[in-house]
Amino acid sequence: MKRLGILFFTTFLMSACADSTEPAGHASLRVDVAVDEAIAAVADDIAIALSGTEATAAVNAEGHAEHVFGNLRGGEYEVSARALSELGIPLASATVTVSVQAGRQAVAHLSLAPGNGLKITGVTFEDGEMRTHAPVAMKISVSQAADTPVSFTFAHDCRCEIVDVEGDIARWLNTWAESCKISITAGSAMGSDTVEIPVTTAYAQGTVLVAAGTHCATLQSGDLSTHAPALVGEDGPAVEAAFAKPFGILARANGDIVFLERDGRRILMIEKATGKLRRLAGRPHENEISSYQDGVVDVDEMSFSLPVRIAEDGTGNLYIADTRDGMRMRKLYASGDTVETIFTGTGYAGHTNGYLAVAVDAHARPYFSTFAEGYLDRFYPNSFTRETVSKPFSRAFDLKFGIDGMLYAADNMKNQILKVDPLTGDSVVHGGTGTQGYSGDDGMAVNAEFNDPRALDIDGKGRMFVVDRLNGAVRRIGPSGRIRTVVGPGLNHVPGQTEPTSAPLSDPDGIAIDKEGNLWISERATCRILKIVGPN
């Protein structure tokens, strides 16, 4: 009996020990997570999940986090691990599938490394827009721990300069492009992310931009073909080109800006879509008189004398007043292939000094003013004939038609703006007393003083903008007849000036208004084309 009792106790004890370890047929899984030290430095805990059950484990001194899942049946299991910041934001994660056999313990090895724990969640601008010639702040939001250092890099397809980056704020200047894209890459030990955002530049009203030209180019004697590349800057950014005295300028309906390079003897265009400089006709040469050509000439072979004023008809033909010897009137056909000399200004009805300015009416008929005698002539393209309308000027340096169908002239010898009926030739004073000076702002234009009014243009609202050359200013005459200064006066132009009434001009000689209400001004002294954004 004693021996039988001992045997019963031993059997009971062995059975109890087996139940306390692991039931027959069941298994366990030990998960070992190797954590990169960069993540371990900022991670609060490692979350380890298996089949809907999640546990947390701390990272030990060896850089590992462990957890054992028991009471498992044999089969395939997916196990995952996530590193969490103190704010509960995922920094990195990993997943692996393991096979577990009944009655045994399996081991799953995972590693958490940088590369997938950072996301850019938003980009916002200061004041909701990007402005030119003024520092602009951009806030970049990322989804990771606030105390984790993040570095930012930028790539762009426009003239965009990153000034500084501090934390998640970037500041920059945009110097030319009206629209572009900026790629932002945020990176840290937690990973990296890149976003691409479109940017449309919002210019402050009255901002003065240098749209074309860096300095004045000087024609040299000898074979100019060796000097032309440095002078022309063709097919490159217009803002990087050098010119020889830009003069007359006009804005086309598509936004392209066409201007005459007087001393370079070219017709040039700033292409709106690209900001690049294109040559429409002409070539540099050193002799302003003997090298000009008459007849019908290919645009690449055409030699102008001194082109100063330009106008466009409704079909895209350009008329050019080419001064000096003979004072020719040229026509660059809309096809863009040829230039034709339509007539000279001398030897006609008492004309001795040729033509100076040109404007085209709604019927595609050009009107010309003579250099000295004050004549106004009309040209009929179909019959190739001309006639004198009247003699209202002293010297009209520029002509423009208004929305009322009247012809307006900047008479720089009279220091007045004249309004002329193109049919009868009758004229009245639209602005200026005739006295040389600078006065009259905020009053009626007829009581104001000008000092060499050299050019003008009129927008779709009937507002006239006059280049008051020797005052270094642009004056605006509204439909009511009141005048005010919108640009200048001043002595030296300062790029980046944002106050239209104090932005000075240096020897301005041409003006155009585009469809968006921006002013384009040719500065002869600096050999630049300025764009002034939407002045009032």
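Scope of this entry: the structure provided in the associated data block. If you're wondering where the values come from, they're calculated on a predicted model, not measured in any experiment.

**Some remarks on the overall build of the chain**
Then comes step 1: Helix and strand content of the chain: three helices and 39 strands.
Then comes step 2: With 536 residues in all, the chain has 51% of them scored as buried.
Then comes step 3: The contacts of the chain with a sequence gap of at least 6 include a subset with a gap of at least 24, amounting to 50%.

**Structural notes on the sheet that holds strand S17 (residues 257–261)**
Then comes step 1: Taken in spatial order, the four strands make up an open sheet running S16-S17-S18-S19, and their pairing is antiparallel. Two strands in the sheet have a free side with no partner beyond their single neighbour: strand S16 (246–251) and strand S19 (277–282). Strand-to-strand, the axes of this sheet are offset by a mean angle of 25 degrees, without reference to chain direction.
Then comes step 2: Of the pairings in the sheet, the one linking strand S18 (residues 266–270) to S19 comprises five bridges and is antiparallel in character. Counted as the bridge partner of Met269 is Arg278 from S19.

**Things to note about the environment of Phe259**
Then comes step 1: One can find Phe259 in strand S17.
Then comes step 2: On the accessibility criterion, Phe259 (0% relative accessible area) is buried.
Then comes step 3: As for Phe259 and Leu280, which are separated by 21 residues in sequence, their C-alpha atoms are 9.8 Å apart.
Then comes step 4: Not counting the four nearest positions on each side in its chain, Phe259 is found in contact with Phe243, Pro246, Gly248, Ile249, Arg266, Ile267, Leu268, Ile270, Leu277 and Ile529.

**Details of the sheet that holds strand S24 (residues 338–343)**
Then comes step 1: Strand order in the open sheet made by the five strands is S20-S24-S23-S22-S21, with antiparallel pairing throughout. Two strands bound the open sheet, and with one partner strand each, they are strand S20 (296–298) and strand S21 (306–312). Neighbour-to-neighbour, the strand axes of this sheet turn through a mean angle of 25 degrees, independent of strand direction.
Then comes step 2: In terms of strand pairing, strand S23 (residues 328–332) meets S24 through four bridges, oriented antiparallel.

**Focus on the packing of aromatic side chains**
Then comes step 1: Following the criterion strictly, the structure yields five aromatic pairs and no others.
Then comes step 2: Centre to centre, the rings of Tyr367 and Phe401 are 5.4 Å apart; their planes meet at 70 degrees, and the pair counts as edge-to-face. Separated by 34 residues along the polypeptide, Tyr367 in strand S26 (residues 366–370) and Phe401 in strand S29 (residues 396–401) bring together distant segments of the chain.
Then comes step 3: The exposure class of Tyr367 is buried, given its relative accessible area of 1%.
Then comes step 4: Overall, Phe401 belongs to the buried group, its relative accessible area being 18%.

**Considerations on a nonpolar patch on the surface**
Then comes step 1: A cluster of nonpolar residues, Val429, Met444 and Val446, forms a patch on the protein surface that exposes about 210 Å² of accessible area.
Then comes step 2: Assignment of secondary structure puts Val446 in the loop between strand S32 (427–431) and strand S33 (453–458).
Then comes step 3: A residue is classified by how much of its surface remains accessible, and Val446, at 39% relative accessible area, is partly exposed.

**Topic: the nonpolar core**
Then comes step 1: Formed by 27 residues in total, the largest nonpolar core has its most connected members in Leu29, Val31, Val33, Ile46, Ile48 and Leu110.
Then comes step 2: Secondary structure elements with two or more residues in this core: strand S1 (27–35), strand S2 (45–50), strand S4 (64–72), strand S5 (75–84), strand S6 (90–100) and strand S7 (105–112).
Then comes step 3: Sequence-distant contacts of Ile46, that is, excluding residues within four places in its chain, are made with Val33, Val35, Ala55, Thr56, Ala57, Val59, Ala65, Ala81, Arg82, Ala83 and Leu112.
Then comes step 4: Ranked by size, the runner-up nonpolar core spans 16 residues in total, among them Leu250, Val258, Val299 and Phe304.

**Some remarks on the pattern of salt bridges**
Then comes step 1: Applying the stated criterion to the full structure yields 22 salt bridges.
Then comes step 2: Note that Arg278 and Glu271 form a salt bridge whose closest N and O atoms lie 3.0 Å from each other.
Then comes step 3: The exposure class assigned to Arg278 is partly exposed, which follows from its relative accessible area of 22%.
Then comes step 4: Measuring nitrogen to oxygen at the nearest pair gives 3.8 Å for the salt bridge that ties Asp398 to Arg309. In this pair, Asp398 sits in strand S29 while Arg309 sits in strand S21, placing the two residues 89 residues apart along the sequence. The same class applies to Asp398 as to Arg309, namely buried.

Calculation criteria
Residues numbered from 1 in each chain as written. Predicted model: local features only at pLDDT ≥ 70, side-chain atom pairs only at ≥ 80, totals over all residues. Heavy atoms only, no water. Helix = DSSP H or I, 4+ residues; strand = E, 2+ residues; numbered from the N terminus. Buried < 20%, exposed > 50% of the residue type's maximum accessible area, 1.4 Å probe, protein only. Contact = heavy atoms within 4.5 Å. Pairing = 2+ DSSP bridges. Axes fitted to C-alpha atoms, helices over the stretch in contact; angles between N-to-C directions. Phe/Tyr/Trp six-rings, centres within 6.5 Å; stacked < 30°, edge-to-face > 60°. Patch = residues over 30% accessible without salt bridge, like charges linked within 9 Å, V, L, I, M, F, W, Y side chains within 5 Å. Areas by Shrake-Rupley, 256 points an atom, 1.4 Å probe, with all protein chains shown as cover. Salt bridge = Lys/Arg side-chain N within 4 Å of Asp/Glu carboxyl O. Core = buried A, V, L, I, M, F, W, Y, C linked by side-chain atoms within 4.5 Å.

Any functional reading would require information beyond the geometric quantities listed.
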